[in-house]
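Analysis of the macromolecular model
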Amino acid sequence: MSESTPDFLPSLVGSMSEGAAGNPTVEMIEAAFRHHGLHYRYINMEVASADLADAVKGARAMGFKGFNCSLPHKVSVIQHLDGLGKSAEIMGAVNCVVQRDGKFIGENTDGKGFLESLKSLIDPAGKKIVILGAGGAARAIAVELGLAGAGQITVVNRSTERGQALSTLLVDKLQLDSNYVPWSGTFQIPADTDVLVNGTSIGLYDGNATMPIDLTTLKPSIVVADVIFSPPETWLLREAKQAGCATLDGLGMIVNQGITSVDYWTGVRPEASVMRTAVENALSLS
Ligand code: NDP
């Protein structure tokens, strides 16, 4: 092997996950590379938790421009990196690693993708936001909305530990007005809510999965967003449309987080429509 990477070899980025490979992200990122004539390849690498340190070392040795990481590596990868971007540092989770001047820097593009998508309908600055869920996706979204100047964030979650932890993080690290509401019975959406976000996994692969919220409290003035991208039309979004609300599906978030990742790795901000079509094809939606 030569010491420098020959021109004819593509730059590599990829995805480290413990689960099965072959997700829509691969199709979406590769479509962006092809469309923009970028000499890059995106490859899925199944990495067991015990091998994560070696995998990151390997990525360094092979000159990777970066990589995505998904569960369960989003937190544990941090110890193997050289630094963190602002939101990744606040939320303590990384889904996108970027090589900058030979250093691996951890970023979190999930929340950024959501924010970009939401901004097409409403600017969250000063707004009252209710987030259902307190897992990785909800955490990323809440921190990014906080950084974008959200006025108030109510975290509604089934498990008290995670829900309270997220609300406390928003107060302590972002000095945000935030409270935690236990999700025990049927949730009543506060009347002054501007944006309601489903950040839970309810609805994943089941467009009829319901959730305990009082639909009479779903006012038409509320923008309703869902992180679920498969299927993109969830029960919540259907009910919200019927109530006259503006809605956002999870495809916008996945596409926008992909756009930011490609931009970080290559310096090129790819065409959204090309990526969205690739995701829709991968999910057999079109
Ligand atoms: P986590 O496992 O970290 O969190 C799951 C969350 O859902 C928790 O808050 C959990 O509550 C809640 N939850 C799950 N089932 C129920 C239920 N039956 N009733 C009430 N609450 C429930 O997952 P992630 O945050 O990583 O992912 C959440 C979803 O977001 C996934 O479906 C994922 O596919 C999607 N996602 C979409 C992205 C996109 O780009 N569109 C990007 C990233 C994720 P509790 O704490 O009580 O267990």
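Our structure is the block above this text.
The notes below deal with the structure included here.

So, how was this worked out
- Residues numbered from 1 in each chain as written.
- Predicted model: local features only at pLDDT ≥ 70, side-chain atom pairs only at ≥ 80, totals over all residues.
- Heavy atoms only, no water.
- Pairing = 2+ DSSP bridges.
- Helix = DSSP H or I, 4+ residues; strand = E, 2+ residues; numbered from the N terminus.
- Contact = heavy atoms within 4.5 Å.
- Axes fitted to C-alpha atoms, helices over the stretch in contact; angles between N-to-C directions.
- Buried < 20%, exposed > 50% of the residue type's maximum accessible area, 1.4 Å probe, protein only.
- Phe/Tyr/Trp six-rings, centres within 6.5 Å; stacked < 30°, edge-to-face > 60°.
- Lys NZ or Arg CZ within 6 Å of the ring centre and 35° of its normal.

**So, the sheet that holds strand β1 (residues 11-17)**
Across a sheet, paired strands are connected by hydrogen bonds in the backbone, their directions being either parallel or antiparallel. With mixed pairing, six strands are arranged side by side in an open sheet as β2-β1-β3-β5-β6-β4. Where the open sheet ends on each side, the last strands, each with one partner, are β2 (40-46) and β4 (83-84). Relative to strand β3 (residues 66-69), β1 runs parallel, the two being bridged by four bridges. Residue pairing across strands places Gly14 opposite Phe67, the latter belonging to β3. On the sheet, helix α2 (residues 52-61) packs against β1, β3 and β6 (103-107) and is oriented at approximately 170° with respect to β1.

**Regarding helix α5 (residues 110-119)**
By the criterion of burial, α5 is predominantly enclosed, with eight of the 10 residues buried. Among the residues of α5, Asp110, Gly111, Lys112, Gly113, Phe114, Leu115, Ser117 and Leu118 are the ones counted as buried.

**Here's the deal with the packing of aromatic side chains**
Counted by the stated rule, this structure contains three aromatic pairs. On the basis of an interplanar angle of 45° and a centroid distance of 6.0 Å, the ring pair of Tyr42 and Trp265 is categorised as tilted. Placement of Tyr42 in strand β2 and of Trp265 in helix α9 (residues 250-266) is noted, with a sequence separation of 223 residues between them. The burial state of Tyr42 is the same as that of Trp265; both residues are buried. Positioned above the aromatic ring of Tyr264 is the side chain of Arg100, whose terminal nitrogen or guanidinium carbon lies 5.1 Å from the ring centre.

Bear in mind that shape data such as this cannot, by itself, settle questions of function.
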